[in-house]
Amino acid sequence: MSASPPRLRRLVYRSRQSPLAVADLEFEVCNIVRSSIRNNRLTNLSGLLVTLQGYFIQVLEGTPEHLDETYRRITADSRHTDLEILSSEPAAQRLFRDWEMCARALSPSDAVIIDGLDSREQFDPCRLTGQSALRLLGAVAQIQRRASMAMVG
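Residues numbered from 1 in each chain as written. Predicted model: local features only at pLDDT ≥ 70, side-chain atom pairs only at ≥ 80, totals over all residues. Heavy atoms only, no water.

A. Representation of the packing of aromatic side chains in the model. Going through the model one piece at a time under the given rule, you end up with one aromatic pair. Pairing Y13 with Y71 gives two aromatic rings, centres 5.6 Å apart and planes at 70 degrees, and the pair type is edge-to-face. One end of the pair, Y13, is in strand β1 (residues 9–17); the other, Y71, is in helix α3 (residues 64–75), and 58 residues separate them in sequence. In this pair, the class of Y13 matches that of Y71, namely buried. (Phe/Tyr/Trp six-rings, centres within 6.5 Å; stacked < 30°, edge-to-face > 60°. Helix = DSSP H or I, 4+ residues; strand = E, 2+ residues; numbered from the N terminus. Buried < 20%, exposed > 50% of the residue type's maximum accessible area, 1.4 Å probe, protein only.)

Spelled out as structure tokens, the structure:
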């Protein structure tokens, strides 16, 4: 009798950056990525974190147990406030399998990504749905992949 494959879930959340995080965002994001890579390797989680307009927007993929454990740790992290789960659902496959964790800060020069989400009104991270956040994170992942390939090639 073979063991069933682990259940895969995808969690997308948004949180407001706390004053602690904003004080030195680049430093704090580096610390988040460093500890996330270490922790996520142990639990086989993958994900992508974006910083944008005072918010963290993140997707995590893995087993429900490991996602719950990681999200509990994030909720206790003083760099995050006003956390909101945008979606948590089964996933047939990983969309962000390339990274134990990757982070990118979106700046005004990345406006084309943001404009692609909602061309009718000014972008507002508070209006993100699970689907629109996943589209944003997917677009950022594509940019990261192309940038990585360009560096290698």
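B. Spotlight on helix α2 (residues 25–43). A rise of 1.5 Å per residue sets the reference length of α2, with its 19 residues, at 27 Å; its end C-alpha atoms lie 26 Å apart and thus fit the reference within 8%. Buried within α2 we find E28, V29, I32, V33, S36, N40 and T43. One or two steps after α2, the chain reaches N44, where phi turns positive at roughly 60 degrees. (Expected span 1.5 Å × (residues − 1).)

C. Layout of the pairing of strand β2 (residues 46–52). With seven of seven residues buried, β2 lies mostly within the body of the structure. Across seven bridges, the pairing between β2 and strand β3 (residues 55–62) is antiparallel. Looking at β3, one finds that L48 is bridged to V59. Counted between consecutive antiparallel strands, the loop separating β2 from β3 contains two residues, among which Q53 sits at a positive phi close to 50 degrees. (Pairing = 2+ DSSP bridges.)

D. View of the pairing of β1. Counting buried residues along β1, seven of its nine residues qualify, which places the element largely inside the surrounding structure. Inspection of the sheet shows β1 paired to β3 by eight bridges, in the antiparallel sense. Looking at the pairing, V12 lines up with V59 of β3. Pairing of β1 with strand β4 (residues 80–90), which is carried by eight bridges, proceeds in the antiparallel orientation. Looking across to β4, one finds that R16 is bridged to T81.

E. Seen up close, the layout of surface pockets. Quantified by volume, the largest pocket comes out at close to 200 Å³. Taken together, 17 residues make up the lining of the largest pocket; nearest its centre are I32, S36, R73, I74 and D77. Where the lining of the largest pocket is concerned, the elements lending two or more residues are α2, β3 and α3. Here the residues of the lining of the largest pocket are counted per class, giving seven nonpolar, seven polar and three charged. (1 Å grid on protein atoms, 1.4 Å probe; cavity = no way out; pocket = protein on both sides within 12 Å on 5 of 7 lines; lining within 4 Å. Points joined across faces, edges and corners; volume = space filled by probe spheres on them. Nonpolar A, V, L, I, M, F, W, Y, C, P; charged D, E, K, R; others polar.)

F. Main features of the nonpolar core. Counting 17 residues, the largest nonpolar core has V12, L48, I57, V59, F96 and L137 as the members making the most contacts within it. Elements that contribute at least two residues to this core include exactly β2, β3 and α5 (130–152). Top element by residues in this core is α5. It accounts for six residues. Counting 14 residues, the second-largest nonpolar core is a separate cluster that includes L11, Y13, I32 and I74. (Core = buried A, V, L, I, M, F, W, Y, C linked by side-chain atoms within 4.5 Å.)

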